[in-house]
Amino acid sequence: MSGHSKWATIKRKKDAIDSKRGAVFTKVVKEITVAARMGGGDINTNPRLRLAVLKGKASNMPKDNIERAIKKGTGELEGVVYEECLYECFGPGGTAIMVEALTDKKSRTTPEIKSILTKLGGSLATTGSVSRLFERKGIIVIASGQLSEEELFELAVGAGAEDVQNEGEVFRIVTSPDDYEAVLTALTDKNIKSEESEIKFVALVGAEVSDKEIAEKVMKLIDNLEAHDDVQGVNSNFELSEELEKEFG
């Protein structure tokens, strides 16, 4: 998926410049709160909470923020009750998009997501029509300067990773959802910092877009969805054609 990887690399550079750490913290706090509400505040007996806390630590979230989020989830502190939402969407050019959200008011979030889609040629899809095009995978992205590819491969695969992909400035580690925590822990124990770390929807087959206008619409649509306060994650099968990859690159 070279086109997608190229676009993802462009986005990572832009995100680093824009500095979205505050937005990342907000999303992780929501996830920690929901995990604690659903399974309790003990990370030893709540796997989902354990993963959310790991993600918080990987993004350098202060310990106090993590503890407050857990207490809000367990009811020790007053907090908002969030509901999980999964939106299956079609975008321009035959692209498919999965949007994960946590909201305190679904009746507000759903029409807002629908409006973002409609303005850029997208639409909500029926349940199952888009999710069948994806699988859940653990994805960990780290800057390549921290260790060699061989060292990372030995460490990550030794902890259960399925693959380590060299994307130039970054390494992309792929795991099954079940092995994600063990691999992330192995990296954290070695003080290896991650730029991205999550279990997400990964497309089984890409949808290549060769029309520049459509490609720009898809990228703007994904950016606008990601910018929504309630959205936790956006994943697509969108790929740039070779010609557009060179142009955008």
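Cut-offs and rules
- Residues numbered from 1 in each chain as written.
- Predicted model: local features only at pLDDT ≥ 70, side-chain atom pairs only at ≥ 80, totals over all residues.
- Heavy atoms only, no water.
- Helix = DSSP H or I, 4+ residues; strand = E, 2+ residues; numbered from the N terminus.
- Rg over C-alpha atoms; globule rule 2.2 N^0.38 Å.
- Buried < 20%, exposed > 50% of the residue type's maximum accessible area, 1.4 Å probe, protein only.
- Areas by Shrake-Rupley, 256 points an atom, 1.4 Å probe, with all protein chains shown as cover.
- UniProt positions renumbered as here; feature names shortened; annotations may be inferred.
- Domains from an automatic or database assignment.
- Contact = heavy atoms within 4.5 Å.
- Buried area = accessible area lost by both parts, 1.4 Å probe.
- Salt bridge = Lys/Arg side-chain N within 4 Å of Asp/Glu carboxyl O.

1. Side note on the overall build of the chain
A tally of regular secondary structure across the chain gives 9 helices and 10 strands. Taken against the 2.2 N^0.38 rule, which gives 18 Å for 249 residues, the C-alpha radius of gyration of the chain at 18 Å falls within 12% of a compact globule. The principal-axis extent of the C-alpha atoms belonging to the chain is close to 50 × 50 × 35 Å. Expressed as a percentage of its 249 residues, the buried residues of the chain come to 45%. For the chain, the accessible area works out to roughly 12,800 Å², and carbon and sulfur atoms hold 49% of it.

2. Concerning the UniProt feature "domain: TACO1/YebC-like second and third" (unreviewed entry) in the chain
Using the residue numbers shown here, the UniProt feature "domain: TACO1/YebC-like second and third" (unreviewed entry) corresponds to residues 82-238. Secondary structure within residues 82-238 divides into 34% helix and 36% strand; the distance between the first and last C-alpha atoms comes to 29 Å.

3. Considering the domain arrangement of the chain
Looking at the assigned domains, one finds that the chain contains domain 1 (14-74) and domain 2 (85-248). Each of domain 1 and domain 2 has a C-alpha centre, and these two points are 19 Å apart. The partner domain 2 presents 17 residues to the 10 residues of domain 1 that form the contact. When the two sides are added together, the surface that domain 1 and domain 2 hide from each other amounts to roughly 1,200 Å², 50% of it contributed by carbon and sulfur. Our enumeration of links across domain 1 and domain 2 arrives at 3 salt bridges. Here E198 ties to K55 by a salt bridge, and the two come within 3.9 Å at their closest N and O atoms. Listing elements by their share of the side of domain 1 that touches domain 2, those giving two or more residues are α2 (21-39) and α3 (47-58).

4. Quick look at the pattern of salt bridges
This model, assessed by the stated rule, comprises 12 salt bridges. Among the salt bridges present, the one from D230 reaches K30, with a minimum N-O distance of 3.3 Å. Linking D230 in the loop between α8 (212-227) and β9 (231-236) with K30 in helix α2, this pair joins segments that are 200 residues apart in sequence. D230 sits in the buried class, given a relative accessible area of 5%. Of the charged contacts in the structure, one is a salt bridge between E247 and K212, with a shortest N-O distance of 2.7 Å. Taken together, the residues E247 in helix α9 (residues 242-248) and K212 in helix α8 connect sequence positions 35 residues apart. By relative accessible area, E247 is classed as partly exposed at 48%. According to the relative accessible area criterion, K212 is partly exposed, its value standing at 37%.

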